[in-house]
Amino acid sequence: MLSPAIDVATGPGWLENPYQPHLARIVRIYRMVPDNWVFTLRFLDEEIGRNFRQQPGTFVMLSIPGAGEAPISISSSPTRPGTLELCVRRVGRVTDALYRLQSNDLVGVRGPYGNGFPVEVMHGNDLLLVAGGLGMAPLRSLLWYALDRREHFGQVTLMYGAKNPASMLFREELVSLVDRTDINCLLTVDSDPGGTWKNHVGLLPKLFDRARIDPRTTYAAVCGPPIVYKFVLERLLPLGFSKDRILMSLERRMKCGVGKCGHCSIGYKYTCLHGPIFTYWDAINLPEMV
Amino acid sequence: MKILKLPKEQLDFFASVLQQFGEVHAPVRTRAGYSFRALERWSEACLDYDRTVLPPKKYFLPPRETMLTYRRPDGYVAGSEGLNQKLVLFGVHACDIFALNLLDKVFAEGVFPDPYYRTRRRNVAVIGIDCEPDEHCFCPSMRADFVERGFDLFFYDIGDHYLVMVGTALGDDMVLATGPLFTPVADADIVEYKRRSALKKTKYQLEVDLRDLPEIFELEYGSEIWEELGRTCLACGNCSTSCPTCYCYDVQDQVELGSTEGPRVRTADTCLYSQHAAVAGGENFRHSQASRIKFYYYHKQRGFVMEHGRPGCVGCGRCIVHCPVGIHVVDVINRLRGVRDAVASH
């Protein structure tokens, strides 16, 4: 029998169940990019919505009735509570089922999970966000957190590269930031087949030529496919970035989100508990990391 | 700790008293080997067994369990099947109790305790029994040959009697429910207990050295041994299924045709299966069998140490017994260490 000494049960024999999804309604579907839509959700139970305290960079486990559960990063900022915005790539069974739903349909949500970006530690520093392709989805929460809490940060720079304008996530919103003076918003595309793109054309690392970054006062947050980490690190490290000032958001298979099922384990860390945000120092020291 | 003794000929009477504390399960000899199961009569119990095929973790993390059921309009409703059944496991070896204590670190403690596991853990009493090591046991190397906690009662054979350690108030209730059956230990009993304890220590045939083993794993991350094991391993998962500390699981929603209602079921899983680290979209972070079997050992002998201060292995020997191609954990570790022909020398 489990010894009562480690038993801190709160209810009549049944603790809060961390696997319990809470019902949420789809209040908006923004068909942003083919196979990358943004779903805005609101919890049916207002109290759950009020108590939902995410940090930028955390994720939820999203349940689609009959299809299953999948980890999805939160794209909205905690500074804009009330609803959750999930930028979901159509890529598997669960997300496929989600794409068949309509506004007003119900889904299940539990979380938030993961460590998120250490924003309290980052306060008072410059911020460099570097996103490639779909990597913008988890970084958007940090972007809006920084813009809404602008006084907490020094210089804020965003570098985002996509294949072409049509595949750029949150394109209209980000283009509207280009003229703002409180952020250096650098957007680039590998190619511009339509010829209408008014921002940069070229590979993401080239944007480093357009920004002045002080590695001693900057936290860099990087997210993208493996090739982005490779080329971005090749720019960050020569600048003299300390390895624990480079933060990365990682993706792994997950079945629980709460450090039990074992799927997201890397070395001795669980992506769901100790991540999904890792420093570059962690990345070097954990095998199979990137 | 309260320590008493029980005359061996009174064991069946004690077992009958135990039924008031829950359905009594004990190791039973089956065609496939020993198995913990509900007893129809006490004479079925085999207390001098070597090891059960499946460890007692099956009572706490069932190989298949309904966690929730989706129903309109209620949403996801938590399952509670079998959670509140009171059981008494009689005859659990020290290594298996040690393994339960390790599973507690993952499932009962920490930030997100698992209510299914914890409820079962609260409803299942554990009565340990001392054992006779065989050629597959290396629990002393893993410091899991003795447990101070995690049992309600623990029985040690001292000849005509069992010396009984009382671990919990529930265990004490079991003792008291028998009336005057249990009596204080005498000096001669203590001498006999210590004699048998010392003798047992000499009977182990396998040994691994835990000192700096995580660092050895780190140094040998690129070892050719992993490629060789990857070619040998059939990915059958026997080692993991029978491991008392393996706990990975998979989750699937099951639906009836034409409906969105149905149960969310978790089933035992293993990192040796090819899809364990595969994500939607086709990426697989452990794409080769070599990388998967390396992860299997790495998590137990290095990852678990970093997280919980000791290996996620208790030296029970099941993975050795059940591997169809003869992969031997002690051999793997000793080869990584550079200790040649470790197993052959025994």
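Only a predicted model underlies this, so the values are computations on that prediction, with no experimental measurement involved. (Residues numbered from 1 in each chain as written. Chains lettered and ligands numbered in written order. Predicted model: local features only at pLDDT ≥ 70, side-chain atom pairs only at ≥ 80, totals over all residues. Heavy atoms only, no water.)

Asker: Would you mind going over the interface of chain A and chain B with me for this structure?
Answerer: How big an interface is tends to be stated in terms of the accessible area lost upon association of its parts. Taken residue by residue, the interface counts 48 residues in chain A and 59 residues in chain B. Inspection of the region where chain A meets chain B yields 2 salt bridges. Salt-bridge contacts for arginine 264 of chain B lead to glutamate 69 of chain A; the nearest nitrogen and oxygen are separated by 3.2 Å. Between the two partners, chain A and chain B, sit 19 residue pairs in polar contact (both at pLDDT 80 or more). Breaking the side of chain A that touches chain B down by element, the ones donating at least two residues are β3 (59-64), β4 (68-73), β6 (106-113) and α7 (271-274) of chain A. Among the residues forming the side of chain A that touches chain B, the class breakdown is 23 nonpolar, 14 polar and 11 charged. (Contact = heavy atoms within 4.5 Å. Salt bridge = Lys/Arg side-chain N within 4 Å of Asp/Glu carboxyl O. Polar contact = N/O pair within 3.5 Å; in protein donor to acceptor, adjacent residues only side chain to side chain. Helix = DSSP H or I, 4+ residues; strand = E, 2+ residues; numbered from the N terminus. Nonpolar A, V, L, I, M, F, W, Y, C, P; charged D, E, K, R; others polar.)

Asker: Help me understand the sheet that holds strand β5 (residues 84-89) of chain A, please; the structure alone is not making it clear to me.
Answerer: Adjacent strands of a sheet pair through backbone hydrogen bonds, lying either parallel or antiparallel. All names here are of chain A. Spatial ordering of the open sheet is given by β4-β3-β6-β1-β2-β5, a layout of 6 strands whose pairing is antiparallel. Each edge of the open sheet is held by one strand with a lone partner, namely β4 and β5. Each strand of the sheet is rotated relative to its neighbour by a mean of 40°, with strand direction disregarded. Of the pairings in the sheet, the one linking β3 to β4 comprises 6 bridges and is antiparallel in character. Paired with leucine 62 across the strands is alanine 70, a residue of β4. (Pairing = 2+ DSSP bridges. Axes fitted to C-alpha atoms, helices over the stretch in contact; angles between N-to-C directions.)

Asker: What's the story with the pattern of salt bridges in this structure? I'm lost.
Answerer: Close approach of charged atoms allows side chains with opposite charge to pair. All names here are of chain B. Taken as a whole and assessed by the stated rule, the structure comprises 34 salt bridges over all chains. Two residues, glutamate 65 and arginine 120, come together in a salt bridge whose shortest N-O distance is 2.2 Å. Residue glutamate 65 is found in strand β4 (residues 64-71), and its partner arginine 120 is found in helix α3 (residues 115-123); the two are separated by 55 residues along the sequence. One salt bridge in this structure joins arginine 266 and aspartate 114, with 3.0 Å as the shortest N-O distance. Separated by 152 residues along the polypeptide, arginine 266 in strand β12 (residues 262-268) and aspartate 114 in the loop between α2 (94-107) and α3 bring together distant segments of the chain. For aspartate 114, a relative accessible area of 0% corresponds to the buried category. Here the salt bridges share partners, and the residues they tie into one network are Lys8, Asp157, Glu192, Arg195 and Arg196. (Buried < 20%, exposed > 50% of the residue type's maximum accessible area, 1.4 Å probe, protein only.)

Asker: Help me out: how do you make sense of the nonpolar core in this one?
Answerer: What tends to happen in soluble globular proteins is that the nonpolar side chains get buried as a cluster. Core analysis: the largest hydrophobic core is formed by 65 residues, its most contacted members being Met136, Leu143, Leu158 and Tyr160 of chain A. By residue number, the principal contributor to this core is helix α4 (residues 136-148) of chain A, which donates 9 residues. Counting contributing residues, this core receives three or more from each of domain 1 (22-113) and domain 2 (119-249) of chain A. Discounting residues that sit within four places of it in the chain, leucine 158 of chain A has contacts with Leu129, Met136, Leu143, Leu174, Ile183, Asn184, Cys185, Leu186 and Leu187 of chain A. Residues Cys256 of chain A together with Phe36, Val92 and Val106 of chain B belong to the second largest nonpolar core, which totals 60 residues. (Core = buried A, V, L, I, M, F, W, Y, C linked by side-chain atoms within 4.5 Å. Domains from an automatic or database assignment.)

Asker: I tried to follow the sheet that holds strand β8 (residues 156-162) of chain A on my own but got confused; where do I start?
Answerer: Residues and elements named next belong to chain A. Pairing is mixed in the open sheet, where 7 strands are placed in the order β10-β9-β8-β7-β11-β12-β15. Unpaired on one side and paired on the other, β10 (200-201) and β15 (277-279) mark the two borders of the sheet. Pairing of strand β7 (residues 126-132) with β8, which is carried by 6 bridges, proceeds in the parallel orientation. By the bridge assignment, glycine 132 is partnered in β8 with glycine 161. The strands touched by α4 are β7, β8, β11 (218-223) and β12 (246-249); relative to β7, the strand with the most contacts, the crossing angle is about 155°. Its contacts with the sheet put helix α6 (residues 226-239) on β7, β11 and β12, and the angle it makes with β11 is roughly 165°.

Asker: So what exactly am I meant to see when it comes to the state of the cysteines here?
Answerer: In protein structure, a disulfide is the covalent linkage between the sulfur atoms of two cysteines. For the structure on display, the rule yields 0 disulfides over all chains. Of all cysteine sulfurs in the structure, the one in cysteine 319 of chain B sits closest to cysteine 313 of chain B, which takes part in no disulfide; the separation is 6.5 Å. (Disulfide = S-S within 2.5 Å.)

Asker: Even after reading the chapter, I still don't get unusual backbone geometry, so can you show me in this structure?
Answerer: Excluding glycine, a negative phi dihedral is what most residues carry, and trans is how most peptide bonds are arranged. Residue and element names in this part refer to chain A. At the junction of glycine 111 and proline 112, the peptide bond is cis and its omega measures out at -5° in the coordinates. Looking at the secondary structure, you find proline 112 in strand β6. Residue glycine 275 is joined to proline 276 through a cis peptide bond whose omega torsion reads 10°. In this structure, proline 276 sits in the loop between α7 and β15. Positive phi, close to 65°, is recorded for aspartate 35, a residue that is not glycine. With phi around 55°, phenylalanine 170 is a residue other than glycine that occupies positive phi space. Relative to the elements of secondary structure, phenylalanine 170 occurs in the loop between β8 and α5 (171-175).

Asker: Help me out: how do you make sense of helix α7 (residues 224-232) of chain B in this one?
Answerer: All names here are of chain B. Along α7, the positions that sit buried rather than exposed are Ile225, Trp226, Leu229 and Gly230. With its buried residues spanning 140° around the axis, α7 presents them on a single face. Where α7 is buried, its residues touch α6 (213-219), α9 (289-308) and α11 (329-337). Capping the start of α7 is the job of one residue whose side-chain oxygen sits 3.0 Å from the backbone nitrogen of isoleucine 225: serine 223. (Arc of directions from axis to C-beta.)

Asker: Just checking my understanding: could you explain the domain arrangement of chain A for this structure?
Answerer: Residue and element names in this part refer to chain A. Looking at chain A, the domain boundaries give domain 1 (22-113) and domain 2 (119-249). For domain 1 and domain 2, the distance between their C-alpha centres works out to 24 Å. Every contact between the two is made by 19 residues of domain 1 and, on the other side, 18 residues of domain 2. For the pair domain 1 and domain 2, the summed buried surface comes to about 1,400 Å²; carbon and sulfur atoms form 59% of the total. Per-residue buried area on domain 1 facing domain 2 is highest for Pro56, Ser75 and Thr79; these three make up 30% of the total on that side. (Buried area = accessible area lost by both parts, 1.4 Å probe.)

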